[in-house]
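Per-entry structural report
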Amino acid sequence: MRPAARQLVTAAGAPPGASELSHVETTPASRPLLDDPRWYERAVFYELLPRGFYDANGDGVGDVPGIIEKLGYLEWLGVDCIWLLPFYPSPLKDGGYDVADFCGVAPDCGTVDDVVRLVEEAHRRGIRVIADLVLNHTSDQHPWFKESRSSRDNPKADWYVWSDTDQRWSDVRIIFLDVERSNWTYDPVRQQYYWHRFYHHQPDLNYENPEVREAMLSVVRFWLDRGLDGFRLDAVPYLYQHDGALGENLPETHAFLRRLRQEVDRDYPNRVLLAEANQWPVDVVDYFGDGDECHMCFHFPLMPRMFMALRREQRFPVTEILAQTPDIPDGTQWGIFLRNHDELTLEMVTDEERDYMYAEYARDPRMRRNLGIARRLAPLVDNDRRVAELLHALLLSLPGSPVLYYGDELLMGDNIYLGDRDGVRTPMQWTPDRNGGFSRADFAQLVLPPLMDPVYGYQAVNVEAEMRDPSSFLHWLQRMLAVRRQHPIFATGGLEVLPADNPSVLAYIRSGMGDGEGPERSVLCVSNLSRFAQSADMSLARWQGAVPVELIGRAEFPSVGEDPYHVMLGPYGFYWLDLEDWGQP
Amino acid sequence: MTLDVDALRPLARTYLERQPWYQATISVADATAGPDAPSAAGTTGPSTEAGAARATAVEVESAEVLRAQRPGLARFVLARGELRFQLLVGWRPAASAAEALRGGESALLGPCSDGDGPVLAYDALADDDLVLALLAHVTGGAERAERVRRMPTLVSHSSVVFDERLFMKCYRVLERGARSEVDVVLRLDEVGFNALPAPVAHWRAGGYDLALVREFLPGALEGRLLAMTSLRDLLAHAPAAAPPAPEAPDEAASVTLGDPDAEVAAAGGDLASEMRRLGATTASLHLALVQGFGEQPADASTFARALRREGIDPAEALEKAGPLDRGAAGSAIRLHGDYHLRRVMRSEAGWLVVGFGDDPLYGSTDAGTSLRGTLGSPLEDLADMTFSLRMAAREALGQRGSAETAAASLLADAWWRRNAGALVEGYLTTDGAVRLVPADPATRETLLAAFESARELRYEATPAEA
């Protein structure tokens, strides 16, 4: 329950406008954190870019104090956990993933104390905070690397992976194909090659060295001691490499993750480790271990397939990948998402599917990055609100904890003319005022230009306007998050895909004990992937006699009989139907 | 307890004669036998009037009690001339029969006795308990289920789905010896072809194949539905009516509709990748059929025979096709023989092939004459499928009714070209498949087109069946 937010809406007699918005921001904390070691299984995550969210000090760069100012908004929206993109000191050649000091905060983002204050303030509002942690590599500006490259016999000489030849491990694939030609780069100072799976300015740490492992565990402890609720572990499959292997998913990597998990479990209750392992589900499940590695892993292949299913107006791209998704250990959860700070990655599709996705979603080559499509949700779906709603309905009802990307709740656009992946990292649009309310700095000072085009620009798309409009997408999503929260079955229930007789209709049942108590419940989720109205029959024999109740409006539907259940859906329509027998006392 | 089989004989006969599937079967059989013959049996049977009467009378050939305790279950083989029918009979006391049949009075045979007292006999397939008992019997106790769902009955068999997991086909019209469908399914399974619902159990008794249990894939959908989904998406781009642009008609047309082939390729609902996959599955099917049933080198006569069978003079096509010597004409293999979009299912695991023989007397219920069991060029199956794609395109156009325009028609044609092309490409690029068909691409195209025209002619002769 969120009494403060509800009070706000009713007190104003209408959804909050600009003046109320500031009131939201100062509303006293209302929702203490629950002592729940499995909170992440039901949480809604919100990924945000500190530099792009809100600029509190007016220097043109978003900062941690800015996030604190906007916590009221995130609480109102119904977010359970914020995931902070990197805020560490960095030369910023890779969006901050090139870390120059793991235990600091970049001066333009704030201070370590600001992060501590953010965590405390968020906790008072019942919101947890996790941060990106890059285990695999550092920036070449990190003091560790500067020392390591200075000679072959310094104390950190063996902290990175050095070699006299660039021919070693030549079978290992190159990830950033657009810019890198080799995983080795020659260092003229040390006169050796160093290993890097990502950009050449991001040397890989040498996890064979116990000192490196201890140093990274110290980094973890540093932030957990300051209250962070966990980490999104960047690029975990690549920690180790050895001869005869392809440099991904090695047993030593899993051993280190188990060690990390043990440390966390021993000293830091209620924390989460969320792995980024862009692999097929059958390989990703290894990162859950036996429930003794990561608590969560992202489900990468599901995302492009949701888009593909909609464009093809048939469900098989989604049902195929669900069928290929193995069960995961108790106490673990998938992280699922529609869009994030990276490109819409197409590594986990076939070549033919990739061609199809490029043709459908990235007609302009500028939209393509590496093996993916650098676009935000709204432009990807041609700004069709019905499609955006359907995609979110899928996101909120498929197994896994949904991860929202900042700005997508407004249906913000992107700027494909910005370099690398900056196109999807433009400033959050708060108001129709100067710089979209993101910053009071001069336009020229801004970290990235806000969108100003007539469709997606901040004059048209911003928090203030959408808060004021009760039928905005923002309000719709806020209500949907509230509905999802009331039904833990979406978070922890089992999944069974139902065989609807219409290929454009995707139907599945989420069922289980809900929150671990009470009778078994089942919710039928049925979606029309077509832009035309559709009908479908599906067998609900097991629920015969149930009176389905639509979860959002609580309207009763015809009861389930012996014959296949018949559903009619408008274009891109969906229902969440509770199969509880409401007709019976 | 023993069932009074003798008392049941007349009831079984009467019941059988009442069944629409029985009537349909004998009418086809009698028609096939020709005007001089009194019945299907008449071609080999006696020609006297008494003989004719015997040939048209229904006799109980054999009966076997499968389950003596109530509710009881027995199987009957009934004979009419050369035709054989299976009837599964159940019995219960009257009160519980009414409950078990839930008002399905048409399933009743009539009253009889099981030694313990009077019972009502009925078609056992109408009784859930007995259908479940039959599953246990057919699978030797290996499979048990809780829920029964009946599929619409076809002429040759009844189908039941158990727990949305298993599928049992109970043959009504029996064939002596190995039944083609059972034979093909079991052999394809043996040689490791897995693009079909896997056989689970097979019931054979008294020299007849009586039932086949296979896995049921509830999420699988007919290929036709995918094709129609793709067409719906595409044709929605077509203008509903021709634009009124008398002064510059060409320009107007180019504005409303670009290159139809490009439009089809760019459509979101593009089916080509699915058709390529289906082509590959078709190739795997043919390679498995070769493994299971062997092959012979094809030559001109293979194609001539096939075209003649369709009522086409093969001379023109063969001349255009060029030399079809052994070694260059591919193989003659066992065909699927009734290969169209209703015979392939898209499942979560890819395409599945079904329909290896539903109705021996009819070919199939909805697709005209069957080529099942014949040896022929794999191009025949491919032509069946490309023709089926063409029919889907026509059907989608037809659904637009008055909105059908020249533009829509161009799009539908382009859709067919692209998807038929993708199907054939998927076939030819599958390892080992290209040797099954004529080596020369132009020859292949000519023959494929000839077979397609043959399907077209067949369709025009019996449009209701396509």
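The structure reproduced in this document is the subject of the present report. (Residues numbered from 1 in each chain as written. Chains lettered and ligands numbered in written order. Predicted model: local features only at pLDDT ≥ 70, side-chain atom pairs only at ≥ 80, totals over all residues. Heavy atoms only, no water.)

Let us look at the overall build of chain A. In terms of helices and strands, chain A carries 18 helices and 21 strands. Going through the 585 residues of chain A one by one, you find that 64% of them count as buried. Partitioning the intrachain contacts of chain A with sequence separation of at least 6 by distance along the chain shows that 70% fall at a separation of at least 24. Of the roughly 20,700 Å² that chain A leaves accessible, carbon and sulfur atoms contribute 50%. (Helix = DSSP H or I, 4+ residues; strand = E, 2+ residues; numbered from the N terminus. Buried < 20%, exposed > 50% of the residue type's maximum accessible area, 1.4 Å probe, protein only. Contact = heavy atoms within 4.5 Å. Areas by Shrake-Rupley, 256 points an atom, 1.4 Å probe, with all protein chains shown as cover.)

In this assembly, 28 residues from chain A lie in contact with 25 residues from chain B. Between chain A and chain B lies a buried interface of about 2,100 Å² when both sides are counted; carbon and sulfur atoms form 48% of it. On the surface where chain A and chain B come into contact, there are five salt bridges. Residue B:Arg102 pairs with A:Glu562 through a salt bridge whose shortest N-O separation is 3.4 Å. (Buried area = accessible area lost by both parts, 1.4 Å probe. Salt bridge = Lys/Arg side-chain N within 4 Å of Asp/Glu carboxyl O.)

All right, on to the packing of aromatic side chains then. All names here are of chain A. For the structure on display, the rule yields 44 aromatic pairs over all chains. Ring centres 5.0 Å apart and planes at 90° place the aromatic pair Phe222 and Trp223 in the edge-to-face group. These aromatic residues form a ring-pair network of at least three members: Tyr46, Phe53, Tyr54, Tyr73, Trp76, Tyr405, Tyr406 and Trp430. Over the face of the ring belonging to Trp430 we find Lys70, whose NZ or CZ atom lies 4.2 Å from the ring centre. A cation sits over an aromatic face here: Arg376 above Tyr406, 4.8 Å from the ring centre. (Phe/Tyr/Trp six-rings, centres within 6.5 Å; stacked < 30°, edge-to-face > 60°. Lys NZ or Arg CZ within 6 Å of the ring centre and 35° of its normal.)

What follows concerns the pairing of strand β15 (residues 494-498) of chain A. Residue and element names in this part refer to chain A. Here β15 pairs with strand β16 (residues 505-512) via five bridges, running antiparallel. From the neighbouring strand, Leu495 faces β16, where its bridge partner is Arg510. The antiparallel pairing of β15 with β16 creates a hairpin that spans six residues between the two strands. (Pairing = 2+ DSSP bridges.)

In this section: the packing of helix α15 (residues 385-397) of chain A against helix α17 (residues 473-486) of chain A. All names here are of chain A. Closest axis-to-axis distance for the α15/α17 pair is 11 Å, and the angle between their directions is 20°. One finds that α15 runs roughly parallel with respect to α17. In this structure, the crossing between α15 and α17 has a hand that is right-handed. Here Arg385, Ala388, Glu389, His392, Ala393 and Leu396 of α15 come into contact with α17, specifically with Phe473, Trp476, Leu477, Met480, Leu481 and Arg484. Tallied by class, the residues present in the contact of α15 with α17 amount to eight nonpolar, one polar and three charged. (Axes fitted to C-alpha atoms, helices over the stretch in contact; angles between N-to-C directions. Parallel < 35°, antiparallel > 145°, perpendicular 65-115°, else oblique. Left-handed = near helix turned anticlockwise from the far one by under 90°. Nonpolar A, V, L, I, M, F, W, Y, C, P; charged D, E, K, R; others polar.)

The subject of this paragraph is the sheet that holds strand β17 (residues 375-376) of chain B. Read from one edge to the other, the open sheet built from three strands follows the order β13-β14-β17 (chain B), with strand pairing classed as antiparallel. With partners counted over all chains shown, the strands left at the sheet margins are β13 (295-297) and β17 of chain B, one partner each.

Residues and elements named next belong to chain A. Within the largest apolar cluster, 154 residues are counted, with the highest numbers of intra-cluster contacts made by Tyr46, Tyr73, Leu135, Trp223, Leu233, Met428 and Trp576. Among the elements that line this core, the one with the most residues is helix α8 (residues 210-225), at nine residues. The contact partners of Leu233, leaving out residues within four places of it in the chain, are Leu133, Leu135, Leu257, Leu260, Leu273, Leu274, Ala275, Glu276 and Cys294. (Core = buried A, V, L, I, M, F, W, Y, C linked by side-chain atoms within 4.5 Å.)

Below, the discussion takes up the sheet that holds β15(A). All names here are of chain A. With respect to topology, five strands assemble into an open sheet ordered β15-β16-β17-β21-β19, the strand pairing being antiparallel. On the outer flanks of this sheet lie β15 and β19 (549-550), each paired with one strand and no other. Where β19 meets strand β21 (residues 574-578), two bridges bridge the pair, whose relative direction is antiparallel. Looking at the pairing, Glu550 lines up with Leu577 of β21. Packed on one face of the sheet, α15 meets β16, β17 (521-528) and β21 and runs near 30° to β21.

On to the environment of B:Val138. Residue and element names in this part refer to chain B. Following the sequence through the fold, Val138 ends up in helix α5 (residues 128-138). Taking relative accessible area as the criterion, Val138 reaches 8% and is therefore assigned buried. Between the alpha carbons of Val138 and Val200 there is a distance of 9.8 Å; along the sequence they are 62 residues apart. Sequence-distant contacts of Val138, defined by excluding residues within four places in its chain, comprise Met168, Ala201, His202, Trp203 and Val213.

The next point concerns α17(A). All names here are of chain A. Here α17 contains 14 residues, and its C-alpha end-to-end distance of 20 Å stays within 8% of the 20 Å for a straight helix at 1.5 Å per residue. α17 sits mainly inside the fold: 10 of its 14 residues count as buried. Within α17 the residues assigned to the buried category are Phe473, Leu474, His475, Trp476, Leu477, Gln478, Met480, Leu481, Val483 and Arg484. Residues of α17 that are buried sit in contact with α5 (71-77), α15, β14 (401-405), α16 (463-468), α18 (489-492) and β21. (Expected span 1.5 Å × (residues − 1).)

Residue and element names in this part refer to chain A. Running from N to C, helix α11 (residues 302-312) and α15 cross one another at 135°; their axes reach a closest spacing of 11 Å. In terms of their interaxial angle, α11 and α15 are classed as oblique. Crossing geometry of α11 relative to α15 is assigned as right-handed. Contact residues: Met306, Phe307 and Leu310 in α11; Val387, Leu390, Leu391 and Leu394 in α15.

Another point: the environment of A:Ala555. All names here are of chain A. Tracing the sequence through the fold places Ala555 in the loop between β19 and β20 (565-569). For Ala555, a relative accessible area of 38% gives the class partly exposed. A sequence separation of 22 residues divides Ala555 from Leu577, and the C-alpha atoms of the two residues are 9.3 Å apart.

So, to be careful, I would describe these as geometric facts and stop short of saying anything about function.
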